[in-house]
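The primary structure of each chain is shown beneath.
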Amino acid sequence: MGINEFFEKILGQKLPNQYSWGCYVPARKAMCWTVWQEEIEGNRVEVHSDVPYRTKAGHVNRNWTKRKEEFELVQSGVPAYGVMISCGKSFDADSWNIQELNSHEIFELSDLEFNERTKKWTMVIDVNSPIAVEEIKFDQNKAISTLEKHTKAFKTYEKATKLGWELIGLNEQTASLSLNSKQMDIVLSDGSYVRK
């Protein structure tokens, strides 16, 4: 099974293009990103670089641009999962192609961290606790229960839902909502919000 078929038929979301690095899967309310097995160091894997990746022609890689947009959702609390792929080559090989794909399990990504020296963002990948693909889904009910404890933020959330906004992520600082292709972040501490 190829990566495009996996995203479309198993996860339920077609990739934006055949070379995409993953995407947001609305049916699961989760970000699903491909991660190279060869790039896992200890328990961390790179998920984004502040320095744009460029094509051989020198243009900013469109997949890097798309990941930058998706990255903002993860920063806002949208759950992220890694789809494990492998190139079967050494780390310094010129080009990598997918040789293996784990199509039965997916791996939770957490603990976003920035490395100032490399200008790269990494996340912990829990390779010892794979999750069956069928179980990947944002627990909206649990998130709403947590959100209810933040009275001001919950009032803002209730107003937003009446306008059609849907809760897609939650972290310690913000609740992330989506409407069509728009995003709104509600600050838990005071109920203020920012639209993106």
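Note that this is a predicted model, so its numbers are computed, not measured.

Caption draft 1: Examining empty space enclosed by the protein more closely. Using the criterion set out here, one finds 1 cavity of 30 Å³ or more in the structure. The volume enclosed by the largest cavity comes to roughly 40 Å³. Contributing to the lining of the largest cavity are P16, S20, W21, G22, N63, K66, R67 and E70. When grouped by side-chain class, the residues that make up the lining of the largest cavity number 2 nonpolar, 3 polar and 3 charged.

Caption draft 2: Broad picture of the pattern of salt bridges. Applying the stated criterion across every chain, the model contains 9 salt bridges. As a salt-bridge pair, E46 and K120 come within 3.6 Å of each other at their nearest N and O atoms. Of this pair, E46 sits in strand β3 (residues 44–49) while K120 is found in strand β7 (residues 120–125), placing the two residues 74 residues apart along the sequence. The class for K120 is partly exposed, based on a relative accessible area of 25%. Among the salt bridges present, the one from D185 reaches K196, with a minimum N-O distance of 2.9 Å. Remark: K196 occurs in the segment after β12 (193–195) and D185 occurs in strand β11 (residues 182–187); sequence separation between them is 11 residues. Among the residues examined, K196 registers a relative accessible area of 48% and is labelled partly exposed. Shared partners join several salt bridges into a network, and the residues in it are R44, D111 and E113.

Caption draft 3: Representation of helix α3 (residues 140–148). All of the buried residues along α3 are A143, I144 and L147. For α3, the buried positions fall inside an angular range of 100 degrees around the axis, keeping them on one side. Opposite the packed face of α3, turned more than 90 degrees from it, sit the exposed residues N141 and K142. Of the surrounding elements, those touching the buried residues of α3 are α4 (151–162), β9 (166–170) and β10 (174–179).

Caption draft 4: Region of the structure containing α4. A rise of 1.5 Å per residue sets the reference length of α4, with its 12 residues, at 16 Å; its end C-alpha atoms lie 17 Å apart and thus fit the reference within 8%. What α4 keeps buried is the set A153, F154, T156, Y157 and A160. End-on view of α4: buried residues confined to an arc of 160 degrees, all on one side of the axis. Residues T151, K152, K155, K159 and K162 are exposed on α4 and point more than 90 degrees away from its buried face. If you follow the buried residues of α4, they end up packed against α3, β9, β10, β11 and β12. Note on α4: the residue one or two positions beyond its end, G164, has a positive phi of about 100 degrees.

Caption draft 5: The layout of surface pockets, seen in detail. In this structure, the second largest pocket occupies an estimated 690 Å³ of space. Listed by contribution, the elements that provide at least two residues to the lining of the second largest pocket are α2 (62–75), β4 (80–86), β6 (105–115) and α3. For the lining of the second largest pocket, the element with the highest residue contribution is β6, accounting for 5 residues. Tallied by class, residues from the lining of the second largest pocket come to 12 nonpolar, 7 polar and 6 charged.

Caption draft 6: Representation of the packing of α3 against α4. Orientation of α3 relative to α4, taken along the N-to-C sense of each, is 130 degrees, at an axis distance of 7 Å. As summarised for this structure, α3 and α4 are arranged oblique, according to the angle between their axes. Contacts from I144, L147 and E148 in α3 reach T151, A153, F154 and Y157 in α4. Here the residues of the contact of α3 with α4 sort into 5 nonpolar, 1 polar and 1 charged.

Definitions and cut-offs
- Residues numbered from 1 in each chain as written.
- Predicted model: local features only at pLDDT ≥ 70, side-chain atom pairs only at ≥ 80, totals over all residues.
- Heavy atoms only, no water.
- 1 Å grid on protein atoms, 1.4 Å probe; cavity = no way out; pocket = protein on both sides within 12 Å on 5 of 7 lines; lining within 4 Å.
- Points joined across faces, edges and corners; volume = space filled by probe spheres on them.
- Nonpolar A, V, L, I, M, F, W, Y, C, P; charged D, E, K, R; others polar.
- Salt bridge = Lys/Arg side-chain N within 4 Å of Asp/Glu carboxyl O.
- Helix = DSSP H or I, 4+ residues; strand = E, 2+ residues; numbered from the N terminus.
- Buried < 20%, exposed > 50% of the residue type's maximum accessible area, 1.4 Å probe, protein only.
- Arc of directions from axis to C-beta.
- Contact = heavy atoms within 4.5 Å.
- Expected span 1.5 Å × (residues − 1).
- Axes fitted to C-alpha atoms, helices over the stretch in contact; angles between N-to-C directions.
- Parallel < 35°, antiparallel > 145°, perpendicular 65-115°, else oblique.

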